[in-house]
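# Overview (structure and organization)
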Amino acid sequence: MLNVPVTYLFDFDVVSPAARPYIMQEFADCGAEHLVLSDTLVKMIVADPALADTLQKEMAENNLSFCDGHAPFGIYYDMHCPFPAMRKMMFARQKLTLEICSYMHVDTVTIHLGSTRVSPTNEIPVAVHLERVRETLSELLPYAEKLGITICIENSWYPLCTPENLLMLKAEFPSPNLGFCYDAGHANIMDNGRKYSSGKAYDGWKTAGFNCTPPWENRALEKMLPHIVNCHLHDNMGDFDTHTLPGKGNVNWNHILDTLALAPNLRVVQCEVIPAANRIPISALTAFFSAVKIPRNSR
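Here's a quick rundown of the structure. None of the values given here were measured: they were computed from a predicted structure. (Residues numbered from 1 in each chain as written. Predicted model: local features only at pLDDT ≥ 70, side-chain atom pairs only at ≥ 80, totals over all residues. Heavy atoms only, no water.)

### So, the packing of helix α1 (residues 20–29) against helix α3 (residues 51–61)
Where α1 contacts α3, the two axes come as close as 10 Å, and the packing angle between them is 40°. Of the possible angle classes, the one that applies to α1 and α3 is oblique. Along this stretch, α1 crosses α3, giving a crossing that reads as right-handed. For the pair formed by α1 and α3, the contact residues are Arg20, Pro21 and Met24 on the first element and Leu51, Thr54, Leu55, Glu58 and Met59 on the second. Here the residues of the contact of α1 with α3 sort into five nonpolar, one polar and two charged. (Axes fitted to C-alpha atoms, helices over the stretch in contact; angles between N-to-C directions. Helix = DSSP H or I, 4+ residues; strand = E, 2+ residues; numbered from the N terminus. Parallel < 35°, antiparallel > 145°, perpendicular 65-115°, else oblique. Left-handed = near helix turned anticlockwise from the far one by under 90°. Contact = heavy atoms within 4.5 Å. Nonpolar A, V, L, I, M, F, W, Y, C, P; charged D, E, K, R; others polar.)

### Examining the side chain of Lys95
Mapped onto the secondary structure, Lys95 falls in helix α4 (residues 87–103). A polar side-chain atom of Lys95 sits 2.7 Å from a polar atom in the side chain of Glu139. Those residues in contact with Lys95, other than ones at most four positions away along the chain, are Glu139, Leu140 and Tyr143. (Polar contact = N/O pair within 3.5 Å; in protein donor to acceptor, adjacent residues only side chain to side chain.)

### What to know about the packing of aromatic side chains
Within the structure shown, the criterion is met by nine aromatic pairs. Measuring from ring centre to ring centre gives 5.4 Å for Tyr202 and Trp216, while their planes differ by 70°; the resulting arrangement is edge-to-face. Residue Tyr202 is located in helix α8 (residues 200–207), and its partner Trp216 is located in the loop between α8 and α9 (220–224); the two are separated by 14 residues in the primary sequence. Through a chain of ring-to-ring contacts, the aromatic side chains of Tyr8, Phe10, Phe12, Phe27, Trp253, Phe288 and Phe289 assemble into a single cluster. The ring of Tyr77 has Arg93 lying over it, and the distance from NZ or CZ to the ring centre is 5.5 Å. The side chain of Lys146 reaches across the aromatic face of Tyr143, ending 4.3 Å from its centre. (Phe/Tyr/Trp six-rings, centres within 6.5 Å; stacked < 30°, edge-to-face > 60°. Lys NZ or Arg CZ within 6 Å of the ring centre and 35° of its normal.)

### Observations concerning the packing of helix α2 (residues 39–47) against α3
At their nearest, the axes of α2 and α3 sit 8 Å apart, and the two run at 130° to each other. The orientation of α2 relative to α3 falls into the category oblique. Counting all contacts with α2, which are made through Leu41, Met44 and Ile45, the residues of α3 involved are Leu51, Ala52 and Leu55. Class assignment of the residues belonging to the contact of α2 with α3 gives a composition of six nonpolar, no polar and no charged.

### Things to note about the layout of surface pockets
Counted as a void, the largest pocket has a volume near 670 Å³. Considering the residues around the largest pocket, the lining is formed by 32 residues, among which His70, Phe73, His112, Asp241 and His243 are closest to the centre. Its residues assigned to classes, the lining of the largest pocket shows 11 nonpolar, 11 polar and 10 charged. The volume enclosed by the second largest pocket comes to roughly 210 Å³. In this structure, the second largest pocket is lined by 17 residues; those nearest its centre are Tyr182, Ala187, Asp191, Asn218 and Ile256. When residues of the lining of the second largest pocket are traced back to their parent elements, those giving at least two are α7 (184–189), α9 and α10 (253–260). Classifying every residue of the lining of the second largest pocket gives seven nonpolar, six polar and four charged. (1 Å grid on protein atoms, 1.4 Å probe; cavity = no way out; pocket = protein on both sides within 12 Å on 5 of 7 lines; lining within 4 Å. Points joined across faces, edges and corners; volume = space filled by probe spheres on them.)

### What to know about helix α12 (residues 282–290)
Among all positions of α12, only Ile282, Leu285, Thr286 and Phe289 are buried. Considered in projection along α12, the buried side chains sweep an arc of 90° and stay on one side of the axis. Looking at the buried positions of α12, the neighbouring elements they touch are β1 (6–8), α1, β7 (228–233), β8 (268–271) and α11 (275–278). (Buried < 20%, exposed > 50% of the residue type's maximum accessible area, 1.4 Å probe, protein only. Arc of directions from axis to C-beta.)

### Observations regarding the pattern of salt bridges
Scanning all chains against the criterion turns up 10 salt bridges. A salt bridge links Lys223 to Glu164; the nearest nitrogen and oxygen atoms lie 2.5 Å apart. Taken as a pair, Lys223 in helix α9 and Glu164 in helix α6 (residues 163–172) lie far apart in primary sequence, 59 residues in all. Taking relative accessible area as the criterion, Lys223 reaches 29% and is therefore assigned partly exposed. (Salt bridge = Lys/Arg side-chain N within 4 Å of Asp/Glu carboxyl O.)

### Let's talk about the sheet that holds strand β6 (residues 178–183)
With parallel pairing, the eight strands of this closed barrel are ordered in space as β1-β2-β3-β4-β5-β6-β7-β8. Going from strand to strand, the sheet's axes swing by 35° on average, the running direction of each strand aside. In this structure, strand β3 (residues 65–70) lies alongside strand β4 (residues 108–110), joined through two bridges in parallel fashion. Looking at β4, one finds that Gly69 is bridged to Val109. The strands touched by α10 are β6 and β7; relative to β7, the strand with the most contacts, the crossing angle is about 160°. (Pairing = 2+ DSSP bridges.)

Here it is as structure tokens:
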């Protein structure tokens, strides 16, 4: 059982502003207390700063709050941003994300290291990507410390985002404001992806310039456990990142939930199922996660 708050992602970009309060009300009616300040919502606030107060008002009217966030991501946002002339703008965008999180009372935010998909390692080696990530952490961590926000870096199926690289970066940046976001769906791709002859794992390593079988990994959670602050829980079959409901794929949920309960620094569990795109009822999300949530002061 998990002794931390559960927070829910919703793809608000596919619904009208008028529908947003009704969706919030449905989450509340189904027992949710928290929603994710998603990358989509952050982008919307950047485009329309007044939306920050509107969202907080709508959330409060439904007895909801934001308690974790996700930074915008992509080649121009990720920590490894490979375009030297664009890196200062990336710093500014991510600092603005941190400011928005602070204003919205969010104290953990996941920021991607980068996919290496656009800039293959046969052109830009992983070591160079890692140097750029280090430069970004050196720029962002003091800002996060000032705001009281923990930056979470997450595992993925790309060579840059292995548990080993995350652990190396944490050792180099021991700040308490740097932690990990364990992504169960991404970890499953690097484990059960071995059952297929193609898929995200193969694509991730091939487009990164590695002409080899991906190095399959079945202990990402255990390796990351001491530094996990946030986690993204969603399911898939190991071939693609479908962000579907737990139980609809082959993620071993009993093992994950039992192990996460031992994480010494876990502060929030995020349901990163994508409801609207996958046509999953909000009630189905809360039914699963309410079974793994217990009062935070009972452990």
